[in-house]
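# Structural overview for review
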Amino acid sequence: MIEVQNLSKCFQNGNECIWAIKNVSLHINRGEIFGVIGLSGAGKSTLIRCLNRLEEPTEGKIIIDGVDMTSLDKRELRARRKDIAMIFQHFNLLAQKTTYENIALPLELAGLGRKEIDTRVNELLEYVGLKDKKNAYPSQLSGGQKQRVAIARALANNPKILLSDEATSALDPKTTKSILELLKRIRDELGLTIVMITHQIEVVKDICDRVAIMENGEIVEINTVKELFRRPKSKTARAFIGSLKSDVQEEFIISEEFKGKVVRLSFWGENAKKPIVSHVIKQFNIDVNILSGNISQLMSTSAGHLIVELVGEDEKIQAAMDYLRNQDIEVEVI
Amino acid sequence: MLELIIPSLLQTVYMVFFSTVFSLLLGFPMGVLLVITEKGGIWEKPTLYRILDGTINVLRSFPFLILMVLLFPLSRLIVGKTIGTTATIVPLSIAAAPFVARVIESSLKEVDKGVIEFGQSIGATVPQIIFKILIPEAMPSLIMGITLTIVNIIGYSAMAGAIGGGGLGDLAIRYGLYRFQTDIMVVAVVVIILLVQGVQFLGNKLASKINKK
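Just so it is clear, the structure is predicted and the values come from calculations on it, not from any experiment.

What counts, and at which threshold
- Residues numbered from 1 in each chain as written.
- Chains lettered and ligands numbered in written order.
- Predicted model: local features only at pLDDT ≥ 70, side-chain atom pairs only at ≥ 80, totals over all residues.
- Helix = DSSP H or I, 4+ residues; strand = E, 2+ residues; numbered from the N terminus.
- Buried ≥ 20, exposed ≤ 12 C-beta atoms within 10 Å, placed from the backbone.
- Contact = placed C-beta atoms within 7 Å.
- Nonpolar A, V, L, I, M, F, W, Y, C, P; charged D, E, K, R; others polar.
- Pairing = 2+ DSSP bridges.
- Domains from an automatic or database assignment.
- Axes fitted to C-alpha atoms, helices over the stretch in contact; angles between N-to-C directions.

Further remarks concern the overall build of chain A. Helices and strands together make up the secondary structure of chain A, namely 12 helices and 14 strands. Split into buried and exposed, the 334 residues of chain A put 37% on the buried side. Pairs at least 24 residues apart make up 67% of the contacts formed inside chain A by residues separated by at least 6 positions.

Structure, rendered in structure tokens:
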């Protein structure tokens, strides 16, 4: 669907050339939600803006649906852009127009009649759940509602691709979730290919199928999201995953994949400082395999948890779990 | 008194109204061009921008009275004479046009870059971006700018009175200054003040009424 070949972009600064993206190649499949994650300044925004040529690539090719975007003249490009919608971090709604008028604008520009526009706008309002905000102005809407209007507006002309430039970065976590669900629904029901630029690993985890990790203008890793969380290849990927709360990481531990019993141990206070795991190993003659864990300092006491795999005879494991419970440790079988 | 004030007031209103219309017709497109042709604009044309920018600066540097005298031949060409209210509309419009261009330019520049980028992202043409996005988004600010223009033209028109333009300024000078009829001068000035206050009040009201931001 989208093929990027050896793409580079340089921003001219006097005689100097600052490379925002360097030799980036990637392939995005039809109907895929593809994430591009990186810290600010990594070049991900420039990359997505090159896809619809809001930014002119310096070198390389972008082939969308078999058409080389870089070879199009202005007219052809404008026509092509109608298939490639975009949503933005700051929504970019027209402040002087109502929800209805904002969504109607792309249809109006495409030359549709008033009747057709009305039908389509009402359809879209229904789809994004904003029927009751039809006549509200952006200043009267919450951030999440504004992004819904922007999404409805982006969908107006039935695009094939949706580019999302940090669309959830200005929203709170709960609103972010609801917007991500909407985007997922759009992919599932309307079959759009979605490219998501983000610096939030939560976004990647929640809806992306595959992800590219960018650093200093280069792609350092392209991976499926599943693989990324289980076996990240790059340092940057590990840093992003490390920034997630550990209970999120747990979702990627599938107990069926382990031979032994996978349990979660929660402990606090003095227990956090005792060599409990090594006691258990010595006393009950079982193997303990640590899968994940963390200890946080809370005020003056520490609290933490470990996810471990206990391997050995059933009754010995049972005895070990009883022992742990006696030590005031919470034991939960996953 | 009234029989002096009323015709002069009507002359001023007539002069200001048409000068505003014509200066907008001249200045508005120039303001739009300034915004779209500048570096980073949606229709980048650096040479055109520099010419326009320079011309506007030169025209705005002229003291209004000098410009008016310089434009007498043009008035004669268009309305057939150089004296009188109708003749004054020509230099008034031309003098105010570069001012209008700057006012329109600064209003349009206030528009959030993001909405223009949105327009480009959906494949809108340059005229579509101007008429469907840029101007509607700048509307409250444009109305304030046009109000400012009208107030300015009222001031100019009073000056134009001094060289045979008619209107309230002319009345104040002829009766007040030359014939020492201070009362007429005071009334004429008060009427001008009321006119300015009224225009400003209406402009503010309208701008805040349509502003949804």
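Attention now moves to the interface of chain B and chain A. Listed as interface residues are 18 residues of chain B and, on the opposing side, 19 residues of chain A. A per-class count over the side of chain B that touches chain A returns 7 nonpolar, 6 polar and 5 charged.

Before going further, it helps to examine the pairing of strand β10 (residues 218–224) of chain A. As defined by bridge partners, strand β9 (residues 210–215) of chain A adjoins β10 of chain A across 6 bridges and the pair is classed as antiparallel. Paired with M214 of chain A across the strands is I219 of chain A, a residue of β10 of chain A.

Okay, the domain arrangement of chain A next. You can read the domains of chain A as domain 1 (1–83 + 192–244) and domain 2 (255–333). Just the C-alpha atoms count here: the centres of domain 1 of chain A and domain 2 of chain A sit 42 Å apart.

Turning to the sheet that holds strand β7 (residues 161–165) of chain A, a few remarks are in order. All names here are of chain A. Ordered in space as β6-β7-β8-β3-β9-β10, the 6 strands form an open sheet in which the pairing is mixed. Since the sheet does not close on itself, it has two edges, and those belong to β6 (84–88) and β10, each with one partner. The sheet shows a mean angle of 15 degrees between the axes of neighbouring strands, direction not considered. Sitting on the sheet, helix α9 (residues 235–242) is in contact with β3 (33–37), β9 and β10, with an inclination near 110 degrees to β9.

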